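# Structural description and commentary
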Amino acid sequence: MEYFDNFDNFIESVASNNLKNVIEAINLNPFVINEKNEQGWTGLIIASYNGFDDITDFLLKSNANPNLPNLKGTTPLMYAKDCCQNSGNTHGIKALINAGAKIEAKDIFRKSIYDYLNKDSMYYNQIVNLLDI
């Protein structure tokens, strides 16, 4: 089978929250699911950070690695935490944990998701409760 280098199209589709195009890109080349851009961001990181729940779910069901970090070791779960702190959207955190995301993962600075929690966020307790399953 022949695959096409459509990574840029895939990332653009994720970033614009276009699930139809994400599905098409993966059908053309399933390897894009865990491919990283220059900063080490995967489609799952972008979807998790932005709260694109349908794309997050689709990528996880398509075997996106829930523990694949960027170049600084920041995981999709850490980015989903950022989304939740800013908006209250807990979907990404729940989906990633259910898919096997490692809550105890640490980045290159030896910090875990707990180290980056903003105690002033109105969603702090909600996030902690999700992480302390």
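Higher on the page you've got the structure.
Conventions adopted
- Residues numbered from 1 in each chain as written.
- Predicted model: local features only at pLDDT ≥ 70, side-chain atom pairs only at ≥ 80, totals over all residues.
- Heavy atoms only, no water.
- Phe/Tyr/Trp six-rings, centres within 6.5 Å; stacked < 30°, edge-to-face > 60°.
- Helix = DSSP H or I, 4+ residues; strand = E, 2+ residues; numbered from the N terminus.
- Buried < 20%, exposed > 50% of the residue type's maximum accessible area, 1.4 Å probe, protein only.
- Patch = residues over 30% accessible without salt bridge, like charges linked within 9 Å, V, L, I, M, F, W, Y side chains within 5 Å.
- Areas by Shrake-Rupley, 256 points an atom, 1.4 Å probe, with all protein chains shown as cover.
- Salt bridge = Lys/Arg side-chain N within 4 Å of Asp/Glu carboxyl O.
- Core = buried A, V, L, I, M, F, W, Y, C linked by side-chain atoms within 4.5 Å.
- Expected span 1.5 Å × (residues − 1).
- Contact = heavy atoms within 4.5 Å.
- Polar contact = N/O pair within 3.5 Å; in protein donor to acceptor, adjacent residues only side chain to side chain.
- Lys, Arg positive; Asp, Glu negative; His and termini not counted.
- Charge placed at Lys NZ, Arg CZ, Asp CG, Glu CD.

### Looking at the packing of aromatic side chains
Two measures describe an aromatic ring pair: the distance that separates the ring centres and the angle between the ring planes. Using the criterion set out here, one finds 4 aromatic pairs in the structure. Ring plane angle 40° and centroid distance 6.4 Å describe the contact between Phe7 and Phe10, whose orientation is recorded as tilted. Placement of both Phe7 and Phe10 in helix α1 (residues 7-15) is noted, with a separation of 3 residues, approximately one turn of the helix. The exposure class assigned to Phe10 is buried, which follows from its relative accessible area of 0%. Where Trp41 meets Tyr49, the ring centres are 5.9 Å apart and the plane angle is 75°; that geometry is what we call edge-to-face. Judged by relative accessible area, which is 35%, Tyr49 ranks as partly exposed. Ring pairing ties together the aromatic residues Trp41, Tyr49 and Tyr79, which thus form one cluster.

### Points about a nonpolar patch on the surface
Together, Ile108, Phe109 and Tyr116 give the surface a local cluster of nonpolar side chains, amounting to about 310 Å² of exposed area. Residue position: Tyr116 is located in the loop between α6 (91-98) and α7 (124-131). Tyr116 gets classed as partly exposed once you look at its relative accessible area, which sits at 32%.

### Brief notes about the nonpolar core
Phe10, Leu59, Leu77, Ile93 and Leu131 are the most contacted members of the largest nonpolar core, which totals 34 residues. Every element with two or more residues in this core is listed here: α1, α2 (19-28), α3 (43-50), α4 (53-61), α5 (76-87), α6 and α7.

### Regarding α5
The end-to-end C-alpha distance of α5 is 16 Å, a good match for the 16 Å that 12 residues give at a rise of 1.5 Å each. Taking burial as the measure, the 12 residues of α5 include 9 buried ones, the bulk of the element. Turning to α5, its buried residues number three or more, namely Pro76, Leu77, Met78, Tyr79, Ala80, Lys81, Cys83, Cys84 and Gln85. Those residues of α5 that are buried lie in contact with α3, α6 and α7.

### Side note on the side chain of Asn89
Mapped onto the elements of the fold, Asn89 is located in the loop between α5 and α6. A distance of 3.2 Å separates the side chain of Asn89 from the side chain of Asp53, its partner in a polar contact. A distance of 2.9 Å separates a polar atom in the side chain of Asn89 from the backbone nitrogen of His91. Other than its neighbours up to four places away in sequence, Asn89 contacts Gly51, Asp53, Cys83 and Cys84.

### Quick notes on a negative patch on the surface
A surface patch of like charges, here negative, comprises Asp5, Asp8, Glu12, Glu35 and Glu38. Among the secondary structure elements, Glu35 is positioned in the loop between α2 and α3. Owing to a relative accessible area of 31%, Glu35 belongs among the partly exposed residues under this scheme.

### Some remarks on unusual backbone geometry
Positive phi, normally seen in glycine, also occurs at Asn17, with a value near 60°. Tracing the sequence through the fold places Asn17 in the loop between α1 and α2. On the basis of relative accessible area, Asn17 is assigned to the partly exposed category, the value being 41%.

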